[in-house]
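# Commentary on secondary and tertiary structure
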Amino acid sequence: MRTSLPMFMGLGLLALAPMQAQAGGADILKSQCSACHALSKPASVTIDDLWTRKAPDLWYAGDKFNKDWLVAWLQNPTRIRPAGYPYFKNVIKGPKHDEIDESKLKPHVHLAKADAEAVADALMAMKPDGVVQKGIYKGGSVNMRMGAMTFDKFRGCIACHKGADGKGGFSGAELTDAGKRLQPDYIASFIKDPQKIDPHIWMPTLAMNDRSIQMLTGYLIKLSGQEKK
Ligand code: HEC
Ligand code: HEC
């Protein structure tokens, strides 16, 4: 198709504004974040790769995080994993059990507001097929007592994740605000089959029925003070 020059330029200008914002976020990710975070799906993942990983993968960020949380956290990052990532590089043998070596934990880079927004936009656009099961979380009422019992006792989640009382393990992420940080379908998909989302990750696949998956997901969302959908 032949286009006259002025018309061509006009179209170019129209397209420029929104594209620039997106390129900004993607550029920051590439230049400031890719040294630690995987931004595209690795061809294959071995146990050795987990050993050398410096930070959680971000290539499925758009199906994992809540955007509001990202924008706020990138400006003011707080610790999500009590022993950093991966935890086994930051623990030392204590007299009774492993203890966190605080000296190994560095503060996370933080971004100015406009950059945090641009990066969050770029991250939210990263939604690869087949990682998270869309619509898996059905919502509905939650029995918080049963949820706590299941999390703390029946399923032993607190061996690795801190419970509501702040006690528990530190090899997994803090989940008491999971509903603010994570999308419900991601939480449910991860509980159902952690290995499908993150192969070889040190969270066991517990062969749980759907009722338990719904209950634990609802429990974590409500625990975070998030409205159930
Ligand atoms: C020096 C390595 C390093 C760099 C550079 C880095 N990060 Fe991180 N990032 C980490 C680590 C380690 C964590 C885990 C922190 C925690 O759990 O407390 C993390 C966590 C995160 C999380 C939360 C992930 C989750 O699964 O909970 C996001 C989002 C994130 N980083 C985004 C970024 C962005 C955007 C940049 C670039 C502006 C960046 N990071 C640069 C090491 C890094
Ligand atoms: C043996 C340790 C272990 C146990 C037991 C365990 N987890 Fe995990 N869990 C992990 C690890 C490790 C990760 C992912 C590592 C990371 O991103 O920091 C994880 C991630 C998660 C995530 C996703 C969090 C994120 O930031 O990506 C959820 C949700 C979760 N676990 C829920 C549970 C629930 C519910 C139970 C109990 C049924 C449980 N876990 C039991 C180790 C464990």
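Now for a quick tour of the structure. This structure is a prediction, so every number in the text was calculated from the model and none was measured. (Residues numbered from 1 in each chain as written. Chains lettered and ligands numbered in written order. Predicted model: local features only at pLDDT ≥ 70, side-chain atom pairs only at ≥ 80, totals over all residues. Heavy atoms only, no water.)

### Here we look at the coordination of the iron atom of ligand 1
- In this structure, His-37 (NE2) and His-108 (NE2) serve as the protein donors to the iron atom of ligand 1, at separations of 1.9 to 2.0 Å.
- Here the iron atom of ligand 1 binds 6 donor atoms, and the angle range of 89 to 180° at the metal identifies the geometry as octahedral. Separated by 71 residues along the polypeptide, His-37 in the loop between helix 1 (5–33) and helix 2 (47–52) and His-108 in the loop between strand 2 (98–100) and helix 4 (113–124) bring together distant segments of the chain.
- His-108 gets classed as partly exposed once you look at its relative accessible area, which sits at 34%. (Donors = N, O, S within 2.8 Å, 3.2 Å for Na, K, Ca; no water. Tetrahedral: all angles 85-135°; square planar, octahedral: opposite > 155°, others 65-115°. Helix = DSSP H or I, 4+ residues; strand = E, 2+ residues; numbered from the N terminus. Buried < 20%, exposed > 50% of the residue type's maximum accessible area, 1.4 Å probe, protein only.)

### Topic: the layout of surface pockets
- Here the largest pocket is characterised by a volume of approximately 980 Å³.
- Surrounding the largest pocket, 37 residues form its lining, His-37, Lys-54, Ala-55, Trp-73 and His-108 being those nearest its centre.
- For the lining of the largest pocket, the secondary-structure elements that each account for two or more residues are helix 1, helix 3 (67–75) and helix 4.
- At 4 residues, the largest contribution of residues to the lining of the largest pocket is made by helix 3. (1 Å grid on protein atoms, 1.4 Å probe; cavity = no way out; pocket = protein on both sides within 12 Å on 5 of 7 lines; lining within 4 Å. Points joined across faces, edges and corners; volume = space filled by probe spheres on them.)

### A closer look at the pattern of salt bridges
- For the structure shown, the criterion picks out 10 salt bridges.
- The partner of Asp-63 in a salt bridge is Lys-127, and the shortest N-O contact between them spans 4.0 Å. Residue Asp-63 is found in the loop between helix 2 and helix 3, and its partner Lys-127 is found in the loop between helix 4 and helix 5 (144–154); the two are separated by 64 residues along the sequence.
- In this structure Asp-63 comes out as buried when scored by relative accessible area, which is 2%.
- Note that Lys-93 and Asp-98 form a salt bridge whose closest N and O atoms lie 2.9 Å from each other.
- Here the residues in one salt-bridge network are Arg-53, Asp-57 and Asp-198, joined through shared partners. (Salt bridge = Lys/Arg side-chain N within 4 Å of Asp/Glu carboxyl O.)

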